[in-house]
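The primary structure of each chain is shown beneath.
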Amino acid sequence: YKSNPKFPTPEKVRDEIVQMLKGMLCATICPALSLHLASHGYGNAFCGWGDRSLAYHLGTLVFTWMVSDFFEFSYHRLGHVDVKWWTHHRHHHVFHNPSPFSVIADEPVDQFFRSSPLLILPLLFPINMDLLFLLFGLFFYIYGVYLHCGYEHSFISPHNGFINTSFQHYAHHARSSMNTPYHCGFFFKIWDQLFGTTYPESKGCFC
């Protein structure tokens with residue numbers, strides 16, 4: 001079922017697509033720069049197995065997943081509590097009832113910082129860029145399409161205690177603004193639970 005039974009207008013979807021294309025362009029800067037630096041001997045990015053064990057690759061995958069998800073939450077929350085960052089992030093919130101096209105429909109500054117782990121992490125420790133691209137592709141972009149689609153599915157309840165569903169992100173778009181940072185987390189719910197940014201139960205659930 002769809003959290004909001006109404007659909008965005010064609011004009012609003014067109015705006016999402018235009019904004020998404022700008023965001024997509026900016027999202028390529030950090031990973032491209034990371035690969036460029038690695039090819040010139042700077043940083044720790046590598047492709048393939050890189051003479052590392054399977055345990056190392058799996059360990060770095062889980063670690064970077066958690067770190068990147070917390071970074072996404074922290075930066076996202078900052079865009080709702082600091083007016084300087086809200087001036088950039090508010091353009092994403094004109095889409096109160098988003099479609100999948102709005103997954104990276106951000107202003108250039110917003111999308112550059114959101115993709116910055118793809119540059120920062122390989123500078124800090126050796127990391128398989130194939131795995132890093134897979135991680136961001138699956139859990140931030142493809143899963144982000146689901147989060148923005150507005151549809152709930154029977155295989156996962158919005159009331160589960162661990163993973164954000166499409167409803168949480170719809171609630172974020174519909175109810176969050178400056179100084180109301182509800183459901184800023186992307187994949188894991190733990191960050192919103194720890195920082196008190198879940199939608200107040202006293203206001204009732206509208207899923």
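Here, the structure is the one placed above.
Below or above, wherever it landed, is the structure these notes cover. Residues take numbers from 1 onward in each chain, read along the sequence in its written order. Whole-chain, interface and lining totals are the exception, using all residues; otherwise, since this is a predicted model, local features are given only for residues with pLDDT of at least 70 and side-chain atom pairs are given and counted only at 80 or more. The side-chain quantities take in all heavy atoms of the structure and omit both hydrogens and water.

1. Digging into a nonpolar patch on the surface
Applicable threshold: Residues enter patches when their relative accessible area tops 30% and they take part in no salt bridge; the joining distance is 9 Å for like charges and 5 Å for the nonpolar side chains Val, Leu, Ile, Met, Phe, Trp and Tyr. Computed by Shrake-Rupley with a 1.4 Å probe, the accessible areas treat only the displayed protein chains as cover when residues are assessed. Salt bridge criterion: a side-chain nitrogen from Lys or Arg within 4 Å of a carboxyl oxygen from Asp or Glu. The helix count covers DSSP runs of H or I at least four residues long, the strand count covers runs of E at least two residues long, and both are numbered beginning at the N terminus. For each residue, the accessible area found with a 1.4 Å probe, counting protein chains only, is set against the maximum for its type, and the residue is called buried under 20%, exposed over 50%, and partly exposed in between.
A cluster of nonpolar side chains, Ile 17, Leu 21, Met 24 and Phe 101, forms an exposed patch at the surface whose accessible area comes to about 340 Å². By secondary structure assignment, the location of Ile 17 is in helix 1 (residues 10-27). Note on Ile 17: relative accessible area 30%, which makes it partly exposed.

2. Points about the pattern of salt bridges
Tallying each qualifying case throughout the model produces five salt bridges. Across the pair Glu 107 and Lys 22 runs a salt bridge, and its minimum N-O distance is 3.5 Å. Of this pair, Glu 107 sits in the loop between helix 4 (83-89) and helix 5 (108-114) while Lys 22 sits in helix 1, and the two are 85 residues apart along the sequence. Residue Lys 22 is classed as partly exposed on the basis of its relative accessible area, which comes to 36%. Glu 72 is paired through a salt bridge with Arg 114; the nearest N and O atoms lie 3.7 Å apart. Remark: Arg 114 occurs in helix 5 and Glu 72 occurs in helix 3 (residues 54-81); sequence separation between them is 42 residues. Exposure class is identical for Glu 72 and Arg 114. Each is buried.

3. A look at the packing of helix 6 (residues 117-124) against helix 7 (residues 129-149)
For clarity, the threshold we go by: Orientation is described by lines fitted to C-alpha atoms, with helices fitted over the stretch in contact, and by angles between N-to-C directions that extend from 0 to 180 degrees. Throughout this description, any angle smaller than 35 degrees is read as roughly parallel, any larger than 145 degrees as roughly antiparallel, any in the 65 to 115 degree range as roughly perpendicular, and the remainder as oblique. Helix crossings get a hand from a simple test, with the near helix turned counterclockwise from the far one by less than a right angle marking a left-handed crossing and a clockwise turn marking a right-handed one. Here, residues are in contact when the closest pair of their heavy atoms is within 4.5 Å. The classification used treats Ala, Val, Leu, Ile, Met, Phe, Trp, Tyr, Cys and Pro as nonpolar, Asp, Glu, Lys and Arg as charged, and all other residues, Gly among them, as polar.
For the pair helix 6 and helix 7, the least separation of the axes is 11 Å and the interaxial angle reads 150 degrees. Viewed along their axes, helix 6 and helix 7 adopt a mutual orientation that is roughly antiparallel. In this structure, helix 6 meets helix 7 at a crossing whose hand is right-handed. Counted together, Pro 117, Leu 118, Leu 121 and Pro 122 of helix 6 and Met 129, Leu 132, Phe 133 and Phe 136 of helix 7 form the full contact between these two elements. Tallied by class, residues from the contact of helix 6 with helix 7 come to eight nonpolar, no polar and no charged.

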